[in-house]
Amino acid sequence: MNDMKKMLEWAGSEGWNPGLNDDVPFFACDPKGFFVGELGGETISGISAVSYGEAYGFIGFYIVVPGHRGKGFGYATWKYGMERLKTKNIGLDGVVAQQENYRKSGFVFRHRNIRFRGLSEKSHTSACNIVETGCINLDELVKYDSAIFGAERYGFLKEWVNMKDSKSFFCTENGSVKGYISIRRCFNGYKIGPLFADSREIAESLMKTSLNCIPENSEYFFDMPDINTHKDFFVRKYSLTPVFETARMYTGDHPVMDVSRCFGVTTFELG
């Protein structure tokens with residue numbers, strides 16, 4: 001776990017702005033999926049190669065510390081992560097400038113994920129029945145999440161919705177989950193993710209609820225797939241400004257994901 005903290009710090013230094021406590025749910029997602037490279041006893045590189053069942057995996061956290069770049073250490077780390085997931089369809093969110101290098105490793109571009117910046121405002125929520133973590137059945141949440149994300153992630157969600165310095169909210173109807181959102185404290189401001197919902201109206205109610213729980217005029221960030229048809233509505237409604245984007249790429253076909261209900265991705269590191 002000490003290495004996980006170090007990887008978070010590296011990611012923060014790179015401007016990726018992870019959550020302050022992401023290490024606990026990340027590690028719970030796949031305890032065998034995180035690797036570091038050492039040179040003379042010094043940790044100089046890292047990567048995550050997380051497995052989601054038999055068919056799907058995700059590469060992230062690919063970092064080499066300054067001073068050791070351009071010497072082949074990063075590529076050795078990359079190969080190690082890729083080898084672990086070689087039998088699966090592998091996804092990643094790569095910086096645009098590296099798309100060509102990822103193509104050389106067999107990845108195919110599918111869509112963009114865009115990070116937006118906003119400033120929080122207090123607002124009224126709609127009639128959507130919204131509850132917090134203690135009122136939700138974890139098995140129901142995992143079932144709902146799996147249908148949208150495309151893979152089961154029980155261990156991750158158990159820790160994610162109970163993470164320190166975070167809040168999670170759920171829209172329910174007759175005991176069934178119809179949407180959920182998490183907002184967490186990051187190195188800089190707050191970050192929303194995921195935002196999964198059955199409709200734009202539910203997504204907006206969850207969005208308003210999450211923004212109501214942080215100080216007004218707080219900086220927050222929101223990663224949205226550009227292929228979600230409601231993206232422009234949220235950009236206009238919340239005066240969001242694009243600050244960064246990634247290329248979502250896979251080595252195989254696009255997984256069976258319900259992008260229409262994915263208003264905000266969970267993390268660029270784990271998909």
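Read on for an overview of the structure. Please read these numbers as outputs of a predicted model, since none were measured by experiment. Position numbers for residues count from 1 along each chain, tracking the sequence in the order it is written. Only residues with pLDDT of 70 or above have their local features reported here, since the model is predicted, and side-chain atom pairs are shown and tallied only from 80 upward, although totals for entire chains, interfaces and linings are computed over all residues. Derived side-chain values reflect all non-hydrogen atoms in the structure, with water molecules and hydrogen atoms excluded from consideration.

1. Thoughts on helix 1 (residues 2-13)
Quick note on the threshold: Only DSSP runs of H or I reaching four residues or more are called helices, and only runs of E reaching two or more are called strands; each is numbered from the N terminus. By definition here, a helix of n residues has an expected span of 1.5 Å times n minus one. Residues count as neighbours in contact if any of their non-hydrogen atoms are within 4.5 Å of one another.
Helix length check: helix 1, at 12 residues, gives a terminal C-alpha distance of 17 Å against a target of 16 Å (1.5 Å per residue), a fit within 8%. Tucked into the core, helix 1 has its buried residues touching helix 2 (23-29), strand 1 (34-39), strand 2 (42-52) and strand 3 (56-64). Following helix 1 by one or two positions, Gly15 has its phi on the positive side, about 85 degrees.

2. Some thoughts on the nonpolar core
Note the threshold: Here, nonpolar core refers to any group of buried Ala, Val, Leu, Ile, Met, Phe, Trp, Tyr and Cys residues whose side-chain atoms link them within 4.5 Å. Categorising residues by exposure relies on relative accessible area from a 1.4 Å probe, with only protein chains included: less than 20% of the type maximum marks a residue as buried, more than 50% marks it as exposed, and the intermediate range marks it as partly exposed.
One finds Phe26, Phe34, Tyr52 and Leu270 to be the most contacted residues of the largest nonpolar core, which totals 39 residues. Among the secondary structure elements, those contributing two or more residues to this core are helix 1, helix 2, strand 2, strand 3, helix 5 (138-149), helix 6 (154-160) and strand 8 (176-185). Counting residues per element, this core draws most heavily on helix 5, at 6 residues. The residues contacting Phe26, other than those within four sequence positions of it, are Met4, Phe34, Phe61, Phe156, Trp160, Thr267, Glu269 and Leu270. Core analysis: the next-biggest nonpolar cluster, separate from the first, contains 26 residues, Phe116, Leu195, Leu211 and Met224 among them.

3. Details of the pairing of strand 1
This is how it is decided: Should DSSP find at least two bridges between two strands, the strands are taken to pair.
Here 6 bridges tie strand 1 to strand 2, and the two strands are oriented antiparallel to one another. Along strand 2, the bridge assignment pairs Glu38 with Thr43. Where strand 1 folds back on strand 2, the antiparallel hairpin that results is connected by 2 residues, among which Gly40 adopts a positive phi of roughly 60 degrees.

4. Looking at the pattern of salt bridges
The condition is simple: Throughout this description, the term salt bridge denotes a Lys or Arg side-chain nitrogen within 4 Å of a carboxyl oxygen of Asp or Glu.
Within this structure, the stated rule accounts for 18 salt bridges. In this structure, Asp223 engages Arg115 in a salt bridge whose closest nitrogen and oxygen atoms are separated by 2.7 Å. Within this pair, whereas Asp223 is found in strand 10 (residues 219-225), its partner Arg115 is found in strand 5 (residues 108-119), the two being separated by 108 residues in sequence. Looking at Asp223, the relative accessible area reads 1%, which means it is buried. Linking Lys237 and Glu204 is a salt bridge whose minimum nitrogen-to-oxygen distance equals 2.3 Å. With Lys237 in helix 8 (residues 231-237) and Glu204 in helix 7 (residues 200-212), this pair connects stretches of sequence that are 33 residues apart. A relative accessible area of 10% places Glu204 in the buried class.

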